[in-house]
Amino acid sequence: MNILFYTAGDNGAGWVEAIARALPHARISVWPQRGASVDYALVWKPPPALIAAMSGARAVFNLGAGVDAIAESSAWPAGVSLVRLEDAGMAEQMAEYVTYAVLRRYREFAAYEVAQAAAVWNARPGLDKRTFGVGFLGIGVLGTHVAHALLPFGFPLACWSRTTKDIPGVSSFTADRLELFLASCRILVCMLPLTRATRGLLSRDTLAQLPHGAYVVNVARGALIVENDLLALIDSGHLAGAMLDVFENEPLPAVHAFWHHPGITLTPHICAVTSIAQSVEQIAAKISRVEAGLAISGVVDSGHAYL
Ligand code: NAP
Ligand code: GLV
């Protein structure tokens, strides 16, 4: 079996070692090297020439949950399945991050950090949890895990997705009810894929539909939000602020207004880091199924404009 590997990251050697351990009979080429044919490709942010070279592969495995880097870069070879990572250790990390962001905002820890810096002893009255709705924009593999992690805290929870969800304790809104959903969110947590349908979804118009004092958490992709519109709504006082892990341009340029804005807390795309061991285990199991003629999950649905 011929495997073609490429990552735009700096941890390629670790991936190749893990792939060789999990699939000892495979011949692994690292792009731009390649064998006569490619049975499977494992890639992260491949260049356009590599995408063209994948025609004829039985499946291409994306080394992340989001496939937007591939969807945007070039025409996809017809008939080749694109398979994304499903959880592979990321759901637990995302639940940790979002739980922290929600509790930090609800318990006003940022305000206490500012008070401590000024040596001010000021006990705040506390917020009413019943009015503190937390909304999940996108509730797929990762969002569902995050919702379950937040359930025990007792916030009113809601989600927005293409299809209706039946998650006990989480009110479900479908795409045509975005305005109603946003109006219920004191904290909006974005966990959508970046697609043609979702790019720029959070703009001045939609962010203004959040209640006064709402807070935005984005752990999905930066381009889901129009960054200047977010800043304008925080500066106008309509939004309380945002915790952001992802940005339209990464690394976030040093001159970007987000870095020093008092309403913004940011991290460098570390919310849910890909685990090489768990990802390779998942991919190797899927390759075994494909080889046995069995169906696999995680195949990206091009009918939903992911590509
Ligand atoms: P997923 O399982 O595909 O879930 C996506 C969710 O978004 C689903 O609930 C889907 O609705 C909904 N959705 C998609 N398009 C929509 C649309 N046009 N309108 C309304 N709802 C829509 O994806 P996942 O595995 O949870 O991952 C989500 C995203 O997280 C990834 O795409 C990636 O960008 C991001 N991510 C970030 C990090 C990080 O470190 N910051 C790490 C991993 C992943 P249905 O359920 O109805 O289909
Ligand atoms: C990371 O952002 C991923 O999509 O896996």
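Student: Which residues make up the overall build of the chain, and what values go with them?
Tutor: Within the chain, the regular secondary structure consists of 10 helices and 12 strands. Judged by the C-alpha coordinates and their principal axes, the chain covers about 70 × 40 × 30 Å. Looking at the chain as a whole, 50% of its 307 residues are labelled buried. Expressed as a percentage of contacts within the chain between residues at least 6 apart in sequence, the contacts between residues at least 24 apart total 61%. When the accessible surface of the chain is summed, it comes to about 14600 Å², and 55% of that surface belongs to carbon and sulfur atoms. Averaging the locations of the 22 positively and 25 negatively charged side chains of the chain gives two centres separated by 3 Å.

Student: Quick one: what's the story with the side chain of Arg221, residue by residue and with numbers?
Tutor: Mapped onto the elements of the fold, Arg221 is located in the loop between β10 (214-218) and α9 (227-235). Classification of Arg221 as buried rests on a relative accessible area of 16%. A polar atom in the side chain of Arg221 sits 2.8 Å from the side chain of Asp68. Beyond its immediate sequence surroundings of up to four residues, Arg221 is in contact with Trp44, Gly66, Asp68, Leu194, Val246 and His269.

Student: I'd love a proper account of helix α4 (residues 90-106), names of residues and values included.
Tutor: Spanning 17 residues, α4 covers 24 Å between terminal C-alpha atoms, matching the ideal 24 Å at 1.5 Å per step. With 12 of its 17 residues buried, α4 lies for the most part within the structure. Among the residues of α4, those classed as buried are Met90, Ala91, Met94, Ala95, Tyr97, Val98, Thr99, Ala101, Val102, Arg104, Arg105 and Tyr106. At the exit of α4 stands Glu108, carrying a positive phi of roughly 55 degrees.

Student: Lay out the layout of surface pockets with the relevant residues and their values.
Tutor: Gaps left between atoms are located by rolling a probe of water-molecule size over the structure's atoms. Estimates place the volume of the second largest pocket at around 400 Å³. Lining of the second largest pocket is provided by 17 residues; of these, Lys45, Asp68, Arg221, Glu248 and Glu250 occupy positions nearest its centre. Here the lining of the second largest pocket takes three residues from helix α3 (residues 68-73), the largest share from any one element. Split into classes, the residues belonging to the lining of the second largest pocket amount to seven nonpolar, three polar and seven charged.

Student: Describe the site of ligand 2, and please don't skip the residues or the numbers.
Tutor: Contacts to ligand 2 come from Gly64, Ala65, Gly66, Met90, Arg221 and His269. Ala65 has a polar backbone atom sitting 2.7 Å from an oxygen atom of ligand 2. The contact in question runs from an oxygen atom of ligand 2 to an N or O atom on the backbone of Gly66, over 2.8 Å. When the free accessible area of ligand 2 is taken as 190 Å², the share hidden by the protein chains comes to 88%. Partitioning the shell around ligand 2 into residue classes produces two nonpolar, three polar and one charged.

Student: Give a description of the pattern of salt bridges that names residues and reports values.
Tutor: If you walk through the whole model with that rule in mind, you get eight salt bridges. With its nearest N and O atoms 3.7 Å apart, the salt bridge here joins Arg21 to Glu17. One end of the pair is Arg21 and the other is Glu17, both in helix α1 (residues 12-22) and four residues apart, which spans about a single turn. Looking at Arg21, the relative accessible area reads 61%, which means it is exposed. Note that Glu291 and Arg58 form a salt bridge whose closest N and O atoms lie 2.3 Å from each other. Of this pair, Glu291 sits in helix α10 (residues 276-291) while Arg58 sits in the loop between α2 (48-53) and β4 (59-62), placing them 233 residues apart in sequence.

Student: Could you give an account of the sheet that holds strand β9 (residues 187-190), naming the residues involved and the relevant values?
Tutor: Strand order across the open sheet formed by seven strands is β8-β7-β6-β9-β10-β11-β12, with parallel pairing between neighbours. Sheet topology places β8 (170-174) and β12 (264-266) at the edges, where each strand pairs with a single neighbour. Sheet twist, expressed as the average angle between the axes of neighbouring strands with direction ignored, equals 15 degrees. The sheet contact formed by β10 and strand β11 (residues 239-244) spans five bridges and is parallel. Bridging from a neighbouring strand, Val216 pairs with Ala242 of β11. Packing against the sheet, α9 makes contact with β10, β11 and β12, and its axis sits at approximately 140 degrees to β11.

Student: Explain the site of ligand 1 to me, and be specific about the residues and the numbers.
Tutor: Near ligand 1 lie 30 residues; those nearest to it are Arg84, Val141, Arg162, Thr163 and Lys165. With respect to ligand 1, the side chain of Asp245 contributes an N or O atom lying 2.9 Å from a nitrogen atom. Ala272 places a main-chain nitrogen or oxygen 3.0 Å from an oxygen atom of ligand 1. Across the complex, the protein chains shield 91% of the 950 Å² of accessible surface that ligand 1 would expose by itself. Counting residues per element, the ones that place at least two in the shell around ligand 1 are α4, α6 (141-150) and β7 (157-161). Per-element tally for the shell around ligand 1: the top contributor is α6, with three residues. The residue makeup of the shell around ligand 1, split by class, is 17 nonpolar, eight polar and five charged. Two domains share the shell around ligand 1, each providing at least three of its residues, namely domain 1 (2-88 + 274-291) and domain 2 (90-266).

What counts and how
- Residues numbered from 1 in each chain as written.
- Chains lettered and ligands numbered in written order.
- Predicted model: local features only at pLDDT ≥ 70, side-chain atom pairs only at ≥ 80, totals over all residues.
- Heavy atoms only, no water.
- Helix = DSSP H or I, 4+ residues; strand = E, 2+ residues; numbered from the N terminus.
- Buried < 20%, exposed > 50% of the residue type's maximum accessible area, 1.4 Å probe, protein only.
- Contact = heavy atoms within 4.5 Å.
- Areas by Shrake-Rupley, 256 points an atom, 1.4 Å probe, with all protein chains shown as cover.
- Lys, Arg positive; Asp, Glu negative; His and termini not counted.
- Charge placed at Lys NZ, Arg CZ, Asp CG, Glu CD.
- Polar contact = N/O pair within 3.5 Å; in protein donor to acceptor, adjacent residues only side chain to side chain.
- Expected span 1.5 Å × (residues − 1).
- 1 Å grid on protein atoms, 1.4 Å probe; cavity = no way out; pocket = protein on both sides within 12 Å on 5 of 7 lines; lining within 4 Å.
- Points joined across faces, edges and corners; volume = space filled by probe spheres on them.
- Nonpolar A, V, L, I, M, F, W, Y, C, P; charged D, E, K, R; others polar.
- Near = heavy atom within 4 Å.
- Salt bridge = Lys/Arg side-chain N within 4 Å of Asp/Glu carboxyl O.
- Pairing = 2+ DSSP bridges.
- Axes fitted to C-alpha atoms, helices over the stretch in contact; angles between N-to-C directions.
- Domains from an automatic or database assignment.

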